[in-house]
Amino acid sequence: MVHLLRLVGARALCARRAGSPLLPPPTRAISQQAQRQMDTLRPKVREFVERTVRMCQPAEVHVCDGSEAENANLLNQMAESGVLEPLTKYDNCWLARTDPADVARVESKTFIVTEEKRETVPIPRKGRKGMLGNWMSPKALEHAVAERFPGCMRGRTLYVVPFSMGPVGSPLSKIGIELTDSPYVAASMRIMTRMGSKVLETLGDDDFVKCLHSVGRPVPVSKKPINNWPCNPENTIIAHVPSKNEIISFGSGYGGNSLLGKKCFALRIGSTIARREGWLAEHMLILGITNPAGHKRYIAAAFPSACGKTNLAMLQPSLPGYKVECVGDDIAWMKFDDKGVLRAINPENGFFGVAPGTSSATNPIAMKTIFSNTLFTNVAKTGDGGVYWEGLEKEVDTSVGIVDWHGDPWTTGSGAPSSHPNSRFCAPAAQCPIIDPQWESPEGVPISAILFGGRRPLGVPLVPVGRFCQCVKRAVGWQEGEGSTDGLR
């Protein structure tokens, strides 16, 4: 990315000299305090930051330390600007409403950048459109960056977010640096990753995954953002450069497109690093199961998005004497140790779950996890300072009044959902009441079985328990592995 920033900066400078509007006039220099923060960075990180500052022209630079005080300042700053509303019914919970054009991952604008197309996706027959991802050439990426990034952070603060995917210092973990002009991203990354000064200390002078993100709306804006949510959906792009361990995202402030440690790093770039280094980065939950005799085994399970991974990871067994504990609900990094044991870590630090459908009936553990220190996005708000979404009809008194995710009054007869179908909660994993005692073990937990599943017709259990228990029985040698479909709920 440093090479790309250098190239783009040089071309933009030439364009400015030629009278092109590509590079806006430079803003005032960043403050001495910001410069002092930058000067404390190690050379590789400092070079990345300095080149981004020259290209994107932020008004200020803040190096995140991950402290409680810093987080409180970010949250209060967003509340003052109208990006967040406090949810007074709960402890340190907040609500964000996005621009309706920025509500989900945009797979159509997500690219893998390689020299040859065949390295990324199969080349379809002439006249057919491929459905297995999007490819972009390095030259096309260079052009896309030059069109979007010069001057894109004017009037905003550039947040330097050092983060670790996995426990800090674990041999299975990897470190990234995300540069973003979104305080929402900085606060969310503190929940979803291990973020702050300790990460920079651990990194030292080593290499890291470079992550660059901008909402794409320099200040002053030409028109007031919808819901005070800056974004640029017309020019959104999310690009991954596996050969250089780089991620570039522009135009979207939504989690999956802007929290670059999640799908972008943990799965897309992570899987290419894993292939080179001989490990696995997988879309899998990890849970521990203890039988009545006290024997414990860890299971990984692979399902696509919106198939119930979080519900399974937080399972409450109805089989007497069994206990389930959660290591992670979405992503697993796995590697065989020197004794041939497959070990896994959850590279994430939080839960970024879909809210609608989550309730005390479907996932009581999640409901006990999310009502403190949580950022909610695009859910409805109740008149007493709480949250509401489809699935909570039996748990929330709607007579207190409800405002939907657009900010408009809502009733059950409104004819439209109160919350966006992809509305989210972003909550610390450590708050989960069944979090596994070994979830932050540096060496990872030993995996005894891997389950594979997908979407099933309505009314059919995701994993019929008889088959689930038989898998566990064969994998770990338990004789108690019989059950009926009453075992999962």
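Here the structure is a predicted model, which is why all the values come from computation and not from measurement.

**Examining the pairing of strand β7 (residues 174–180)**
And then number 1: Burial analysis of β7 places 6 of its 7 residues in the buried class, which makes it a mostly covered element.
And then number 2: In this structure, strand β6 (residues 157–165) lies alongside β7, joined through 7 bridges in antiparallel fashion. Within β7, the residue paired with Phe163 across the bridge is Gly176.
And then number 3: Two strands pair when backbone bridges link them, and β7 and strand β9 (residues 209–214) are joined in this way by 5 bridges, in the parallel orientation. Counted as the bridge partner of Glu178 is Cys211 from β9.

**Quick look at the nonpolar core**
And then number 1: Ranked by internal contacts, the top residues of the largest apolar core, which has 55 residues, are Met334, Phe376, Trp389 and Ile447.
And then number 2: Core analysis: the second largest hydrophobic core is formed by 45 residues, Val161, Ala186, Met192 and Leu267 among them.

**As for the sheet that holds strand β23 (residues 409–410)**
And then number 1: The 4 strands lie next to each other as β21-β20-β22-β23, forming an open sheet whose pairing is antiparallel. Unpaired on one side and paired on the other, β21 (387–388) and β23 mark the two borders of the sheet.
And then number 2: Sheet topology places strand β20 (residues 380–382) next to β21; 2 bridges connect them, and they run antiparallel. Paired with Lys381 across the strands is Val387, a residue of β21.

**Comments concerning the packing of aromatic side chains**
And then number 1: Under the criterion given, the structure shown has 11 aromatic pairs.
And then number 2: Both rings, one in Phe48 and one in Phe208, keep their centres 6.0 Å apart while their planes meet at 45 degrees; by these two values the pair is tilted. Placement of Phe48 in helix α3 (residues 43–56) and of Phe208 in the loop between α7 (197–203) and β9 is noted, with a sequence separation of 160 residues between them.
And then number 3: Ring centres of Trp279 and Trp333 lie 5.0 Å apart, and the angle between their planes is 55 degrees; on these two criteria the pair is classed as tilted. Remark: Trp333 occurs in strand β16 (residues 332–336) and Trp279 occurs in the loop between α9 (261–277) and β12 (280–282); sequence separation between them is 54 residues.
And then number 4: Residue class for Trp279 comes out buried when judged on its relative accessible area of 11%.
And then number 5: Ring pairs connect the aromatic residues Tyr90, Phe371, Phe376 and Trp389, which therefore count as one cluster.
And then number 6: Above the face of the Phe208 ring, Lys210 is positioned so that its terminal group lies 4.8 Å from the ring centre.

**Looking at the packing of helix α4 (residues 68–81) against helix α6 (residues 183–192)**
And then number 1: At a closest axis distance of 10 Å, the pairing of α4 and α6 adopts a crossing angle of 140 degrees. As for the relative orientation of α4 and α6, their crossing is left-handed in sense. Residues Glu68, Asn71, Leu74, Leu75, Gln77 and Met78 of α4 form the contact with α6, whose own contacting residues are Pro183, Tyr184, Ala186, Ala187 and Arg190.

**Focus on the pairing of strand β13 (residues 284–290)**
And then number 1: Of all 7 residues making up β13, 7 are buried, and the element is well covered by its neighbours.
And then number 2: Where burial is concerned, the two faces of β13 agree: the one with Met284, Ile286, Gly288 and Thr290 and the one with Leu285, Leu287 and Ile289 are both buried.
And then number 3: Of the strand pairs in this sheet, β13 and strand β14 (residues 296–302) are connected by 7 bridges, and their pairing is antiparallel. Bridging across to β14, Ile289 finds its partner in Arg297.
And then number 4: Hairpin connection from β13 to β14: 5 residues lie between these consecutive antiparallel strands, with Gly294 at a positive phi of about 90 degrees.
And then number 5: The pairing of β13 with strand β15 (residues 323–328) spans 5 bridges and is antiparallel.

**Considering the sheet that holds β15**
Sheet strands pair via backbone hydrogen bonds, and the direction of the pair is either parallel or antiparallel.
And then number 1: Overall, mixed pairing links the 7 strands, which are arranged β12-β16-β17-β25-β14-β13-β15 in an open sheet. The outermost strands of the open sheet, each flanked by one partner alone, are β12 and β15. Neighbouring strand axes in the sheet, compared pairwise and without regard to direction, differ in orientation by 40 degrees on average.
And then number 2: Of the pairings in the sheet, the one linking strand β17 (residues 342–345) to strand β25 (residues 445–452) comprises 2 bridges and is antiparallel in character. Paired with Ala344 across the bridge in β25 is Val445.
And then number 3: Across the sheet, α9 lies against β12 and β16, angled at about 160 degrees from β12, the strand it touches most.

**Comments concerning α9**
And then number 1: The end-to-end C-alpha distance of α9 is 19 Å, clearly below the 24 Å that 17 residues give at a rise of 1.5 Å each.
And then number 2: Buried residues dominate α9, accounting for 12 of its 17 residues.
And then number 3: For α9, the set of buried residues is Gly261, Lys262, Lys263, Cys264, Phe265, Ala266, Leu267, Ile269, Gly270, Thr272, Ile273 and Ala274.
And then number 4: Trailing α9 by a residue or two, Gly278 shows a phi angle of about 85 degrees, which is positive.

**With respect to the side chain of Thr310**
And then number 1: Tracing the chain through its elements places Thr310 in helix α10 (residues 309–313).
And then number 2: Classification of Thr310 as buried rests on a relative accessible area of 18%.

**Topic: the environment of Lys263**
And then number 1: On the secondary structure map, Lys263 appears in helix α9.
And then number 2: In this structure, Lys263 is in contact with Arg105, Arg268, His283, Ser305 and Asp330, ignoring residues within four places of it in sequence.
And then number 3: Within the structure, Lys263 has its side chain in polar contact with the side chain of Asp330 (distance 3.0 Å).

**A closer look at the pattern of salt bridges**
And then number 1: For the coordinates displayed, the defined rule picks out 21 salt bridges.
And then number 2: One salt bridge connects Lys89 with Asp384, and the closest N-O pair in it is separated by 3.4 Å. Here Lys89, found in the loop between β2 (84–86) and β3 (94–96), pairs with Asp384, found in the loop between β20 and β21; they are 295 residues apart in sequence, far enough to count as distant.
And then number 3: We classify Lys89 as partly exposed; its relative accessible area is 46%.
And then number 4: Close ionic contact of Arg148 with Glu147 constitutes a salt bridge, the shortest N to O distance being 3.7 Å.
And then number 5: The class of Arg148 is buried, set by a relative accessible area of 18%.
And then number 6: Where salt bridges share partners, they join Lys262, Lys263, Lys309, Asp330 and Glu348 into one cluster.

**Points about unusual backbone geometry**
And then number 1: Val219 connects to Pro220 through a cis peptide bond whose omega is 5 degrees.
And then number 2: Relative to the helices and strands, Pro220 is located in the loop between β9 and β10 (237–241).
And then number 3: Even without being glycine, Asn245 reaches a positive phi, approximately 55 degrees.
And then number 4: The topology assignment puts Asn245 in the loop between β10 and β11 (246–250).
And then number 5: With a phi angle near 55 degrees, Asn373 is a residue other than glycine that sits in the positive phi range.
And then number 6: Relative to the elements of secondary structure, Asn373 occurs in the loop between α11 (364–369) and β19 (375–377).
And then number 7: Judged by relative accessible area, Asn373 falls into the partly exposed class, the value being 31%.

Rules of the game
Residues numbered from 1 in each chain as written. Predicted model: local features only at pLDDT ≥ 70, side-chain atom pairs only at ≥ 80, totals over all residues. Heavy atoms only, no water. Buried < 20%, exposed > 50% of the residue type's maximum accessible area, 1.4 Å probe, protein only. Helix = DSSP H or I, 4+ residues; strand = E, 2+ residues; numbered from the N terminus. Pairing = 2+ DSSP bridges. Core = buried A, V, L, I, M, F, W, Y, C linked by side-chain atoms within 4.5 Å. Phe/Tyr/Trp six-rings, centres within 6.5 Å; stacked < 30°, edge-to-face > 60°. Lys NZ or Arg CZ within 6 Å of the ring centre and 35° of its normal. Axes fitted to C-alpha atoms, helices over the stretch in contact; angles between N-to-C directions. Left-handed = near helix turned anticlockwise from the far one by under 90°. Contact = heavy atoms within 4.5 Å. Expected span 1.5 Å × (residues − 1). Polar contact = N/O pair within 3.5 Å; in protein donor to acceptor, adjacent residues only side chain to side chain. Salt bridge = Lys/Arg side-chain N within 4 Å of Asp/Glu carboxyl O.

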